[in-house]
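Coordinate inspection notes
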Amino acid sequence: SRDLDSLEPNFKTLVEQLITNMESRGFKTNVVSAYRSLDSQIEKFNEETSKTKYGYHNFLDSGGNPASQAVDLVDKSVGYGGEDPASSKHRKAAEYFKALGEEARKLGFTGSGGIGRWGGDYSQSNPLWAAHGMGWDPAHVELKTTPGQTIAQATENARSAGYSV
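1. So, the sheet that holds strand β2 (residues 70-75)
- If you trace the 4 strands from one edge of the open sheet to the other, you get β1-β2-β4-β3, paired in antiparallel fashion. For this open sheet the edge positions go to β1 (29-33) and β3 (116-118), each flanked by a neighbour on one side alone. Across the sheet, the mean angle separating the axes of adjacent strands is 25° when strand polarity is ignored.
- Of the pairings in the sheet, the one linking β3 to strand β4 (residues 140-143) comprises 3 bridges and is antiparallel in character. Bridge pairing in β4 links Trp118 to Val141.

Okay, structure coming up:
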């Protein structure tokens, strides 16, 4: 889903602020992914576009409704920027992602000491983004703790809703 309404309510507020902050810097943001079904997540894992079989994109609330605590955001005009790091489209995507990281950190997405993390702070295992000093998933922002759920709480919610996780 690309729908911000599929996000955990507190996270949705933070993501809306993040998008507003990016707009104030001159960027137009496109939501690539918010909530993902478990089947969709497994497909992404099998395609090797995700490193997890169950994660923050897949969270459900206690009623079994989507409550994702992860979102992938890109610049509306260039998306991920393609595979040519020398192209202007790719450089613009990298500029967007660096700004996204700066704005996410301002909102508390600072890793182990913050409320969540930005995917550009992950390991630099993707040479396409490592060339720009970023980790393998610079479009990704996730809420890991309060005001949202822990992964243990979300896993229990998914099991209560009948999912095998």
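2. Description of helix α3 (residues 88-106)
- Along its 19 residues, α3 runs 27 Å from first to last C-alpha, staying within 8% of the 27 Å computed at 1.5 Å per residue.
- Three or more residues of α3 are buried, namely His90, Ala93, Ala94, Tyr96, Phe97, Ala99, Leu100, Gly101, Glu103 and Ala104.
- In this fold, the buried residues of α3 make contact with α1 (9-24), β1, β2, β3, α4 (127-130) and β4.

3. Focus on the pairing of β2
- Burial runs high along β2: 6 of the 6 residues are buried.
- The two faces of β2 match: Ala70, Asp72 and Val74 on one face and Val71, Leu73 and Asp75 on the other face are all buried.
- With 4 bridges joining them, β1 and β2 adopt antiparallel strand pairing. Within β2, the position partnered with Asn30 by the bridge is Val74.

4. Concerning the layout of surface pockets
- Roughly 720 Å³ of volume is contained in the largest pocket.
- Lining the largest pocket are 29 residues, with Arg36, Thr49, Ser50, Trp136 and Asp137 positioned closest to its centre.
- Looking at the lining of the largest pocket, the elements with two or more residues in it are β1, α2 (38-46), α4 and β4.
- Tallied by class, the residues present in the lining of the largest pocket amount to 10 nonpolar, 10 polar and 9 charged.

5. Here we look at the packing of aromatic side chains
- Overall, the coordinates contain 8 aromatic pairs when judged by the stated rule.
- A centroid spacing of 5.7 Å and a plane angle of 70° characterise the contact between Tyr96 and Phe97, whose relative ring orientation is edge-to-face.
- On the accessibility criterion, Tyr96 (0% relative accessible area) is buried.
- Residues Phe97 and Trp129 carry aromatic rings whose centres are separated by 5.1 Å and whose planes lie at 85° to one another, so their mutual orientation is edge-to-face. Of this pair, Phe97 sits in helix α3 while Trp129 sits in helix α4, and the two are 32 residues apart along the sequence.
- An aromatic cluster of three or more residues is present, and its members are Phe27, Tyr80, Tyr96, Phe97 and Trp129.
- The ring of Trp136 is capped by Lys51, whose NZ or CZ atom sits 4.7 Å from the centre of that ring.

6. Side note on the pattern of salt bridges
- Using the criterion set out here, one finds 9 salt bridges in the structure.
- When salt bridges with common partners are traced through the structure, they connect Arg25, Glu102, Glu103 and Lys106 into a single cluster.

7. What to know about the nonpolar core
- Phe11, Leu73, Phe97, Leu100 and Val141 are the most contacted members of the largest nonpolar core, which totals 30 residues.
- For this core, the secondary structure elements donating two or more residues are α1, β2, α3, α4 and β4.
- Those residues in contact with Leu100 that sit more than four places away from it in its chain are Leu18, Met22, Leu73, Trp118, Pro138, Ala139 and Val141.
- By size, the runner-up hydrophobic cluster in this structure holds 9 residues, among which are Leu38, Tyr54, Ala70 and Ala154.

Criteria and thresholds
- Residues numbered from 1 in each chain as written.
- Predicted model: local features only at pLDDT ≥ 70, side-chain atom pairs only at ≥ 80, totals over all residues.
- Heavy atoms only, no water.
- Pairing = 2+ DSSP bridges.
- Helix = DSSP H or I, 4+ residues; strand = E, 2+ residues; numbered from the N terminus.
- Axes fitted to C-alpha atoms, helices over the stretch in contact; angles between N-to-C directions.
- Expected span 1.5 Å × (residues − 1).
- Buried < 20%, exposed > 50% of the residue type's maximum accessible area, 1.4 Å probe, protein only.
- Contact = heavy atoms within 4.5 Å.
- 1 Å grid on protein atoms, 1.4 Å probe; cavity = no way out; pocket = protein on both sides within 12 Å on 5 of 7 lines; lining within 4 Å.
- Points joined across faces, edges and corners; volume = space filled by probe spheres on them.
- Nonpolar A, V, L, I, M, F, W, Y, C, P; charged D, E, K, R; others polar.
- Phe/Tyr/Trp six-rings, centres within 6.5 Å; stacked < 30°, edge-to-face > 60°.
- Lys NZ or Arg CZ within 6 Å of the ring centre and 35° of its normal.
- Salt bridge = Lys/Arg side-chain N within 4 Å of Asp/Glu carboxyl O.
- Core = buried A, V, L, I, M, F, W, Y, C linked by side-chain atoms within 4.5 Å.

By themselves, these observations are geometric and do not establish any function.
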